[in-house]
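Analysis of the macromolecular model
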Amino acid sequence: MTIVAEQLRVPSDKVTAESHLLDDLNADSLDVVDLTIALEEEFSSAEQAIEISEEAAAEMRTVQDLITFLEEHGAA
Amino acid sequence: MITGIGPVTPIGIGVDAFWENLCAGRSGVRPITAFDASEMKVQIAADVPDFEPERFMDAKSARRMARFAQMAVAAAQLARADAGLDLATVDLERVASVVNTGGGGVTTIAEETRALARRGAGRVGALFVPMMAANMASCQVSMELGLQGPAITGTAACASSIYSFIEAKQIIQYGEADLAFVGGTESNISELGIAGLANMHALSRRNDDPEGASRPFDGERDGFVFGEGAIVCVVESLDAARARGARIYAEVLGGGRTADAHHLTAPRPDGSGAARALRGALHDGGLAPEDVDYICAHGTGTPLNDAAETRAIHAAFGAHAGRLAVSSTKSMTGHLMGSAGALSVAAAALAIHRGLVPPTINLQTPDPECDLDYVPNESRAMPVRAALVNGFGFGGQNGVVALGRVDS
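Residues numbered from 1 in each chain as written. Chains lettered and ligands numbered in written order. Predicted model: local features only at pLDDT ≥ 70, side-chain atom pairs only at ≥ 80, totals over all residues.

1. Considering the overall build of chain B
Regarding its fold elements, chain B presents 13 helices and 15 strands. Its C-alpha atoms give chain B a radius of gyration of 20 Å, within 12% of the compact-globule value 22 Å for 408 residues. In chain B, buried positions account for 60% of the 408 residues. For chain B, restricting intrachain contacts to residue pairs at least 6 apart in sequence, the fraction spanning at least 24 positions comes to 80%. (Helix = DSSP H or I, 4+ residues; strand = E, 2+ residues; numbered from the N terminus. Rg over C-alpha atoms; globule rule 2.2 N^0.38 Å. Buried ≥ 20, exposed ≤ 12 C-beta atoms within 10 Å, placed from the backbone. Contact = placed C-beta atoms within 7 Å.)

2. What about the interface of chain A and chain B?
Interfaces are often sized by the amount of accessible area the parts lose when they come together. Counting residues at the interface gives nine residues for chain A, matched by eight residues for chain B. Each residue belonging to the side of chain A that touches chain B can be placed in one class, and the counts come to three nonpolar, one polar and five charged. (Nonpolar A, V, L, I, M, F, W, Y, C, P; charged D, E, K, R; others polar.)

3. Quick look at helix 10 (residues 272-284) of chain B
Residue and element names in this part refer to chain B. With 13 residues, helix 10 should reach 18 Å at 1.5 Å per residue; the first-to-last C-alpha distance of 18 Å fits that figure. Each element contacted by the buried residues of helix 10 is listed here: strand 9 (251-259), helix 11 (303-317), strand 14 (386-393) and strand 15 (397-404). Where helix 10 terminates, the next one or two residues include Gly286, which has phi positive at roughly 65°. (Expected span 1.5 Å × (residues − 1).)

4. Points about the sheet that holds strand 15 of chain B
All names here are of chain B. The five strands are arranged 9-15-14-10-11 in an open sheet whose pairing can be described as mixed. Both outer strands of the open sheet, strand 9 and strand 11 (325-327), are each paired with one neighbouring strand and no more. Mean inter-strand twist for the sheet, computed between neighbouring axes without regard to direction, equals 15°. Sheet topology note: the strand 9/strand 15 ladder contains eight bridges and is antiparallel. Residue pairing for strand 15: Gly254 is matched across the bridge by Ala402. (Pairing = 2+ DSSP bridges. Axes fitted to C-alpha atoms, helices over the stretch in contact; angles between N-to-C directions.)

5. Let's talk about the packing of helix 7 (residues 160-174) of chain B against helix 13 (residues 340-354) of chain B
Axes are the key here: two packed helices are described by the angle between their axes and the distance separating the axes. All names here are of chain B. One can describe the packing of helix 7 onto helix 13 by two numbers: an axis separation of 5 Å at closest approach and a directional angle of 60°. Of the residues in helix 13, those in contact with Ser160, Ser161, Ile162, Ser164 and Phe165 of helix 7 are Ala340, Gly341, Ala342 and Val345. By residue class, the composition of the contact of helix 7 with helix 13 is five nonpolar, four polar and no charged.

6. Details of the domain arrangement of chain B
Residues and elements named next belong to chain B. Domains assigned within chain B are domain 1 (2-243) and domain 2 (252-404). Of note, the centres of domain 1 and domain 2, computed from C-alpha atoms alone, are 21 Å apart. The interface is formed by 60 residues belonging to domain 1 together with 58 residues belonging to domain 2. Residue assignment for the side of domain 1 that touches domain 2 shows that the elements contributing at least two residues are strand 1 (2-9), helix 1 (15-24), strand 5 (95-101), helix 7, strand 7 (179-186) and strand 8 (229-236). Here the element with the most residues in the side of domain 1 that touches domain 2 is helix 7; it accounts for eight residues. Per-class residue counts for the side of domain 1 that touches domain 2 are 30 nonpolar, 22 polar and eight charged. (Domains from an automatic or database assignment.)

7. A word on the packing of helix 10 of chain B against helix 11 of chain B
Residues and elements named next belong to chain B. Running from N to C, helix 10 and helix 11 cross one another at 45°; their axes reach a closest spacing of 8 Å. Judged by the angle between their axes, helix 10 and helix 11 are oblique. Of the two possible hands of crossing, helix 10 and helix 11 adopt the one that is right-handed. Residues Ser272, Ala274, Ala275, Leu278 and Arg279 of helix 10 form the contact with helix 11, whose own contacting residues are Ala308, Glu309, Ala312, Ile313, Ala315 and Ala316. The residue inventory of the contact of helix 10 with helix 11, partitioned by class, reads eight nonpolar, one polar and two charged. (Parallel < 35°, antiparallel > 145°, perpendicular 65-115°, else oblique. Left-handed = near helix turned anticlockwise from the far one by under 90°.)

8. What to know about the sheet that holds strand 6 (residues 151-152) of chain B
Residues and elements named next belong to chain B. Spatially, 2-1-8-7-5-6 is the arrangement adopted by the six strands of the open sheet, whose pairing is mixed. Across the chains shown, the open sheet's two edge strands, defined by having one partner strand only, are strand 2 (12-13) and strand 6. As paired strands, strand 1 and strand 2 are joined by two bridges and run antiparallel to one another. Counted as the bridge partner of Val8 is Ile13 from strand 2. Against the sheet, helix 6 (residues 136-145) touches strand 5, strand 6 and strand 7, its axis set at about 145° to strand 5.

9. A look at the nonpolar core
The tendency in soluble globular proteins is for nonpolar side chains to be buried as a group. All names here are of chain B. Membership of the largest hydrophobic core comes to 121 residues, with the highest contact counts inside it found for Ala72, Ala180, Ala387 and Leu403. Take this core: its biggest share by element is 11 residues, from helix 13. The two domains that each donate at least three residues to this core are domain 1 (2-243) and domain 2 (252-404). When near neighbours in sequence (up to four residues on either side) are disregarded, Ala72 contacts Val99, Ala137, Gln140, Val141, Thr185, Ala230 and Val232. (Core = buried A, V, L, I, M, F, W, Y, C linked by C-beta atoms within 7 Å.)

10. Brief notes about the pairing of strand 14 of chain B
All names here are of chain B. Of all the eight residues making up strand 14, eight are buried; the element is thus mostly covered by neighbouring parts of the structure. In strand 14, alternate side chains face the same way, and those of Ala386, Leu388, Asn390 and Phe392 on one face and Ala387, Val389, Gly391 and Gly393 on the other are all buried. Relative to strand 14, strand 10 (residues 294-296) runs parallel, the two being bridged by three bridges. Bridge pairing in strand 14 links Cys296 to Val389. Looking at chain direction, strand 14 and strand 15 are connected through eight bridges and run antiparallel. Paired with Phe392 across the two strands is Asn398, which belongs to strand 15. Here strand 14 folds back onto strand 15 in antiparallel fashion, the turn holding three residues, of which Gly395 has a positive phi close to 95°.

Rendered as structure tokens:
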């Protein structure tokens, strides 16, 4: 949530799991791709690289979608 | 007509701070803090430490711009406010933005190249291209202010934002726009920028004396000091300015542009290419040499430039050269490269309007090759009927703008 708020320059109390990236947080497609790159950077470790493919990134609608993806792919 | 001035400079943000420090002879050269410069040959620069982009745009917009574009937007907003211009009252489709730059987003390219090398192609930011592209200098000004006439970013190295004013005058005369936001921006005080300029021996290495490092026309000069900042002016036709009762700082009378066709970085030693640009500006501006009281010099503080520029002024002005006041703002601000010309235009316009010419500081040791009146160390109260503003770039691009006083 902190990363989302930081990347999209929105107040952190505005970011909830239900927040829609485009409608609620005023992101555009460039912001979403940039956000996924920042999440890869944050959640990748020496043991495990997190890769959010372009196809997966295109499916992200809400903050929960990002969280679900990261959990399913073993990010801490 | 120049009716608004927006400076974001190493010696102040906004007209009042900029002009006060310029005429007081205060230096904006400091030890570099943007990165660890302790291993660099050059450890000083003229940065803008108090620049806060979010004073001029929302945080989201600021994040999507490189610093050179943020500074251009800030300068444009300052110019709009200084001109007393309410954009709601003008036809935005008739407003141009002409903001040139030397290096554009070189620093962004360096950062993203590092990400590419260290972490792979997948980690290159999605905003990389629209952040580093040089045209964002004018396009971000257009987007933030809603300007829908021509948006143009050209580049001519250190003459870039001399060319802006010539371009804008032509756009207005040609009828493409009634009003334009005109200037330049540069912000590349990075390891790459400093290393490149230092290794070509362009920069002063007077690391232990930052405020004395930029010494144009002085016998002990050893190179320029790299600076950052943006200067944007509001330029409009006389009719538009009069219609809204605007204060007019000065008129853009004309310009001259030539190329040396000589060398990568060195000017023609006899200054003949620059002299042709000076004569071109006089002719285009309808001026005789004797009509000019002040030249805001390119005056970088490199051994070659200052001697060649002096010869050029002698060649173009003959006997009148000795009666001109000639000063270099770079002695205080450092060399802002792509925005250096606009900074000099702003200084000359203020000199005309206020009857006060800024000094050349750090002028202590005479150089027989630099024998003009450089307004040494103290500003000078004097009427300025017309002024020329010089900008000469690597690659041999010469630009001169002629400004004239407008009596109300």
